[in-house]
Amino acid sequence: MDDDLRVRESIESLVESAGYTPLVFPSAEEFLQSGTLPQATCLIADVRMPGMDGIELQRRVRLERPQLPMIFISAHQDDDARRRALDGGAVEFLYKPFDGADLLRAMDRALKEE
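None of the values given here were measured: they were computed from a predicted structure.

1. Remarks on the sheet that holds strand β1 (residues 43-46)
Strand order in the open sheet formed by three strands is β1-β2-β3, with parallel pairing between adjacent strands. Two strands close off the open sheet at either side, each with one partner strand: β1 and β3 (92-95). Across the sheet, the mean angle from the axis of one strand to that of its neighbour is 20 degrees, orientation sign disregarded. Looking at chain direction, β1 and strand β2 (residues 70-74) are connected through four bridges and run parallel. Residue Ala-45 lies in a different strand from β2, and its bridge partner there is Phe-72. Here helix α4 (residues 79-87) sits on the sheet and contacts β2 and β3; the angle it forms with β3, its principal contact strand, is near 155 degrees.

2. Some remarks on the packing of aromatic side chains
Counting across every chain of the model gives three aromatic pairs. Between the aromatic rings of Phe-25 and Phe-31, the centroid separation amounts to 5.5 Å while the plane-to-plane angle is 65 degrees, which identifies the pairing as edge-to-face. Taking the centre distance of 5.2 Å and the plane angle of 65 degrees together, the rings of Phe-93 and Tyr-95 count as edge-to-face. Relative accessible area serves as the criterion here: at 3%, Phe-93 is assigned to the buried category. Judged by relative accessible area, Tyr-95 falls into the buried class, the value being 18%. Here a set of aromatic residues connected by ring pairs shows up, and it is made of Phe-72, Phe-93 and Tyr-95.

3. Description of the layout of surface pockets
Space inside the largest pocket adds up to approximately 500 Å³. Taken together, 23 residues make up the lining of the largest pocket; nearest its centre are Thr-21, Pro-22, Leu-23, Cys-42 and Leu-43. Only α1 (5-17), β1 and α5 (100-113) provide two or more residues apiece to the lining of the largest pocket. With four residues, the single largest contributor to the lining of the largest pocket is α1. For the lining of the largest pocket, a count of residues per class yields 16 nonpolar, four polar and three charged.

Cut-offs applied
Residues numbered from 1 in each chain as written. Predicted model: local features only at pLDDT ≥ 70, side-chain atom pairs only at ≥ 80, totals over all residues. Heavy atoms only, no water. Pairing = 2+ DSSP bridges. Helix = DSSP H or I, 4+ residues; strand = E, 2+ residues; numbered from the N terminus. Axes fitted to C-alpha atoms, helices over the stretch in contact; angles between N-to-C directions. Contact = heavy atoms within 4.5 Å. Phe/Tyr/Trp six-rings, centres within 6.5 Å; stacked < 30°, edge-to-face > 60°. Buried < 20%, exposed > 50% of the residue type's maximum accessible area, 1.4 Å probe, protein only. 1 Å grid on protein atoms, 1.4 Å probe; cavity = no way out; pocket = protein on both sides within 12 Å on 5 of 7 lines; lining within 4 Å. Points joined across faces, edges and corners; volume = space filled by probe spheres on them. Nonpolar A, V, L, I, M, F, W, Y, C, P; charged D, E, K, R; others polar.

By themselves, these are just geometric observations and shouldn't be taken as functional.
The structure is reproduced here in structure tokens:
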């Protein structure tokens, strides 16, 4: 999830190139309303989004799917958000711009731990 269309498209293309079938959403609310949480295998979410932020999304997801791996991305150097995400069980926290290989490694690690 990312409110920036270009970032969503880039992540979607990268994840598809690795053989996965991504679903992308512009907001946490749209993701939660989509009904896809039960089938999700890994979430990649921006920390700062309009409406519900990524940390609140993580809190809500943990209520239903406590073991679902989450990877956070952020364009902002926010050490507090990074700490809260990782303390909340995030697999990785990447700052934009990040190397696509780093994201794919985090996904591989997340999916092996699941």
